[in-house]
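Examining the three-dimensional arrangement
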Amino acid sequence: MEFRQLIYFMEVAKREHMTEAAEALHVAQSSVSRSIYNLEQELGVNLFIREGRNVRLTSIGKRFYERAAQIIYLMEESKREINEYLNPNKGTVRIAFPVSMAAYFIPSVISAFQEKYPETKFEMSNGLYSELINGIKHTHYNIAITTPVPEDEPQVESHVLFHEHIVALLPLHHQLAKQKEITLHDLRNEPFIAYPNNFMLQQLITKSFRDVGFEPNIAFTGKDTNAVKGLVAAGLGVALMPELTLINSTPRSTVAVKISSPFLTRPVGVITPTERTLLPTEQLFYDFLKQFSERLDRY
């Protein structure tokens, strides 16, 4: 089995068409067809079902696709690792994070890191809590920011970076807007702008309400932080938000007010794989990230 065969196989599997795969690979269709035929002969199974010009994976072909993807990933990582060992200041960091970290924290830490290592590159993605953990386990990336921070999660190493305050975002002319501090109980009759129930942030908020004896009166639900802010700015309700999402981006017709009782925070952490070693540039960033976050946790 040749590595080139795996490349051809992956391309055909993704496009489900021999000609389109050949065009994407910039080779003759006959080369792709012959490579797939030889691979199937060597393995002794049919990897594809032929349907005219189209093809689709057989059940065993789907399993082989998963293994081939892992092999190609490892080969690419090996080449990348060698390049980064030769010059870690020019490598790439692949990082994933929740949307709530995208407005301030991630841009700030990356900007600070690139001041020190200006030739580094970043590949970024975001996702829900479970998606971030699965991404680490399934080799999609080696560093992810999560909140909360998982405990005793197989194949995942966790480190708490800092604790972020949760504050109330109110319309500018709300009766509580001029208060320096309020309590959750002060908001018991207010219409709330909430996140979806599968967001870990919303689960934290809902639990906090229940702990003080009432259910939030949810008027609207929004997946996007800016959408939630916009609904509050329009006077349609109030929201609880991580403080970092409001730095430099609080809507003009809103005000953020601290919550004194109960005092709400959420841990923000970084997770890495236990079964893979961080590449040199990733290790540089990981160490920098912890140092950068220590300063945040002082306030």
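Attention here is on the structure that accompanies the text. Please read all numbers here as calculations on a predicted model, not as lab measurements. (Residues numbered from 1 in each chain as written. Predicted model: local features only at pLDDT ≥ 70, side-chain atom pairs only at ≥ 80, totals over all residues. Heavy atoms only, no water.)

1. Quick look at the pattern of salt bridges
- Per the counting criterion, the structure on display carries 10 salt bridges.
- The shortest N-O distance in the salt bridge between Glu-11 and Arg-15 comes to 2.5 Å. Here the residue Glu-11 and the residue Arg-15 both occupy positions in helix α1 (residues 3-15), the gap between them amounting to four residues, near one helical turn.
- Here Arg-56 ties to Glu-51 by a salt bridge, and the two come within 2.6 Å at their closest N and O atoms.
- Look at Arg-56 and you get partly exposed, because its relative accessible area is 37%.
- Classification of Glu-51 as partly exposed rests on a relative accessible area of 39%.
- Through salt bridges that share partners, Glu-11, Lys-14 and Arg-15 make up one connected network. (Salt bridge = Lys/Arg side-chain N within 4 Å of Asp/Glu carboxyl O. Helix = DSSP H or I, 4+ residues; strand = E, 2+ residues; numbered from the N terminus. Buried < 20%, exposed > 50% of the residue type's maximum accessible area, 1.4 Å probe, protein only.)

2. Remarks on the side chain of Gln-202
- Relative to the assigned elements, Gln-202 resides in helix α7 (residues 200-211).
- Classification of Gln-202 as buried rests on a relative accessible area of 3%.
- Within the structure, Gln-202 has its side chain in polar contact with the backbone nitrogen of Tyr-195 (distance 2.9 Å).
- When neighbours within four sequence positions are excluded, Gln-202 is seen to be in contact with Ala-194, Tyr-195, Pro-196 and Asn-197. (Polar contact = N/O pair within 3.5 Å; in protein donor to acceptor, adjacent residues only side chain to side chain. Contact = heavy atoms within 4.5 Å.)

3. A word on the nonpolar core
- Ala-168, Leu-170, Leu-184, Leu-187, Phe-209, Leu-240 and Met-241 are the most contacted members of the largest nonpolar core, which totals 27 residues.
- For this core, the secondary-structure elements that each account for two or more residues are β6 (156-171), β8 (191-194), α7, α8 (225-233), β10 (239-242) and β11 (254-261).
- Examining the composition of this core, we find that five residues originate from one element, β6, more than from any other.
- Counting 24 residues, the second-largest nonpolar core is a separate cluster that includes Ile-106, Val-268, Phe-285 and Tyr-286. (Core = buried A, V, L, I, M, F, W, Y, C linked by side-chain atoms within 4.5 Å.)

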